[in-house]
Amino acid sequence: MPTANGCAVFLGDEGKTFVIYVDHAVGNAIQMSLDGVKKERPLTHDLIGHILTGLGATLEHVVINDVNEGTFYARILIKMRNELGQKIVELDARPSDSTVLALSHKRPILVAKKVYDAVEDMSEILERVLRQQAEAADAEPDPDDDDDDDDDDDDADPDADDDAQK
């Protein structure tokens, strides 16, 4: 969700929702992952995913493991398997980058209990924002609101092209 200084990412479960603020670029990458947008060229997060695949590694999950004065920390767990066996690698990462990777690979985003207990519950704020967005969307006039079932905009001037050619 865009804000003045970046984007708000709401995370949580039925019991609690909290917010992590990220920059606009990462916010856009998260939204594209949520929407399943196909990109012409890979973004950095896509490149990381391709590297993992090329190395035969899989993203297991992400853990948001710490918060200190509003700054969140995360770990990415990667599993690598080859003819010699299995290796699990845990990497330090920003929660914003970790979230994009987890969403694009359809992997879980976990939150450590100490983080969950420490963050403020923002569930009511999220509900209010979603309600306001829904009301705003309902209030916007539909450009094709012409009471028929076709996609044509019957309100358009049919002579507009003729006028432009005169």
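Keep in mind that this is a model prediction, so the values were computed, not measured.

Chemist: Just to check I follow, could you spell out the overall build of the protein chain for this structure?
Modeler: Within the protein chain, the secondary structure is distributed over six helices and seven strands. Along the protein chain, helices (α) and strands (β) appear in the sequence β-β-β-α-α-β-β-β-α-β-α-α-α when read from the amino end. Per-residue burial over the protein chain gives 28% buried out of 166 residues. Just so you have it, the protein chain exposes about 11700 Å², and 49% of that area is on carbon and sulfur atoms.

Chemist: What is the right way to look at the nonpolar core in this model?
Modeler: Where a protein is soluble and globular, its nonpolar side chains tend to be buried together. If you look at the biggest cluster of nonpolar residues, it comprises 25 residues, and the most contacted ones within it are Ile20, Ile64, Phe72 and Ile76. Of all the elements in the fold, those that place two or more residues in this core are strand 2 (6-12), strand 3 (17-22), helix 1 (24-35), strand 4 (57-68), strand 5 (71-82) and helix 3 (95-104). Not counting residues within four places of it along the chain, the set of residues in contact with Ile76 comprises Leu59, His61, Val62, Val89, Glu90, Leu91, Ala93, Ser98 and Leu101.

Chemist: What am I meant to see in a negative patch on the surface here?
Modeler: On the surface, a cluster of negative charge is contributed by Glu120, Asp121, Glu124 and Glu127. Looking at where Glu120 falls in the secondary structure, it is placed in the loop between helix 4 (113-118) and helix 5 (123-139). Among the residues examined, Glu120 registers a relative accessible area of 60% and is labelled exposed.

Chemist: Just to check I follow, could you spell out the packing of aromatic side chains for this structure?
Modeler: Where two aromatic rings form a pair, the distance of their centres and the angle of their planes describe that pair. Under the criterion given, the structure shown has one aromatic pair. Between Phe18 and Phe72, the aromatic rings sit 5.7 Å apart at their centres with planes inclined by 25°, giving stacked as the arrangement. Of this pair, Phe18 sits in strand 3 while Phe72 sits in strand 5, and the two are 54 residues apart along the sequence. Each member of the pair, Phe18 as well as Phe72, is classed as buried. A cation over an aromatic ring shows up here: Lys16 above the ring of Tyr116, its NZ or CZ 5.2 Å from the ring centre.

Chemist: Mind showing me how you'd approach helix 2 (residues 44-54) here?
Modeler: It helps to recall that an α-helix has 3.6 residues per turn; residues three or four apart then point in one direction. If you check which residues of helix 2 are buried, you get His45, Asp46, Gly49 and Leu52. When helix 2 is viewed along its axis, its buried side chains cluster within an angular range of 120° and face the same direction. In helix 2, the exposed positions that point more than 90 degrees away from the buried face belong to Thr44, His50 and Gly54. The inward-facing, buried residues of helix 2 contact helix 1, strand 4, strand 5 and helix 3. Once helix 2 finishes, Gly56 follows within two positions and takes phi at roughly 75°, a positive value.

Chemist: When you look at the sheet that holds strand 7 (residues 109-111) in this model, what are you seeing that I'm missing?
Modeler: Sheet strands line up and pair through hydrogen bonds in the backbone, either parallel or antiparallel. Taking strand neighbours across the sheet as the criterion, the four strands line up as 6-5-4-7 in an open arrangement whose pairing is mixed. The strands lining the two open edges of the sheet, one partner per strand, are strand 6 (85-93) and strand 7. The mean inter-strand angle of the sheet, taken between neighbouring strand axes irrespective of direction, is 25°. Sheet analysis places strand 4 next to strand 7, joined by three bridges and oriented parallel. Among the inter-strand pairings, Ile64 is bridged to a residue of strand 7, identified as Val111. Here helix 3 sits on the sheet and contacts strand 4, strand 5, strand 6 and strand 7; the angle it forms with strand 5, its principal contact strand, is near 40°.

Chemist: How should the pairing of strand 4 be read in this particular structure?
Modeler: Side-chain positions along a regular strand alternate between the two faces of the sheet. Bridge count for strand 4 against strand 5 is 10 bridges, and the pairing is antiparallel. Bridge pairing in strand 5 links Ile64 to Ala74. Between strand 4 and strand 5, which follow one another and run antiparallel, lie two residues, and Glu69 among them has a positive phi close to 50°.

Rules and cut-offs
Residues numbered from 1 in each chain as written. Predicted model: local features only at pLDDT ≥ 70, side-chain atom pairs only at ≥ 80, totals over all residues. Heavy atoms only, no water. Helix = DSSP H or I, 4+ residues; strand = E, 2+ residues; numbered from the N terminus. Buried < 20%, exposed > 50% of the residue type's maximum accessible area, 1.4 Å probe, protein only. Areas by Shrake-Rupley, 256 points an atom, 1.4 Å probe, with all protein chains shown as cover. Core = buried A, V, L, I, M, F, W, Y, C linked by side-chain atoms within 4.5 Å. Contact = heavy atoms within 4.5 Å. Patch = residues over 30% accessible without salt bridge, like charges linked within 9 Å, V, L, I, M, F, W, Y side chains within 5 Å. Salt bridge = Lys/Arg side-chain N within 4 Å of Asp/Glu carboxyl O. Lys, Arg positive; Asp, Glu negative; His and termini not counted. Charge placed at Lys NZ, Arg CZ, Asp CG, Glu CD. Phe/Tyr/Trp six-rings, centres within 6.5 Å; stacked < 30°, edge-to-face > 60°. Lys NZ or Arg CZ within 6 Å of the ring centre and 35° of its normal. Arc of directions from axis to C-beta. Pairing = 2+ DSSP bridges. Axes fitted to C-alpha atoms, helices over the stretch in contact; angles between N-to-C directions.

None of this, on its own, says anything about what the molecule does.
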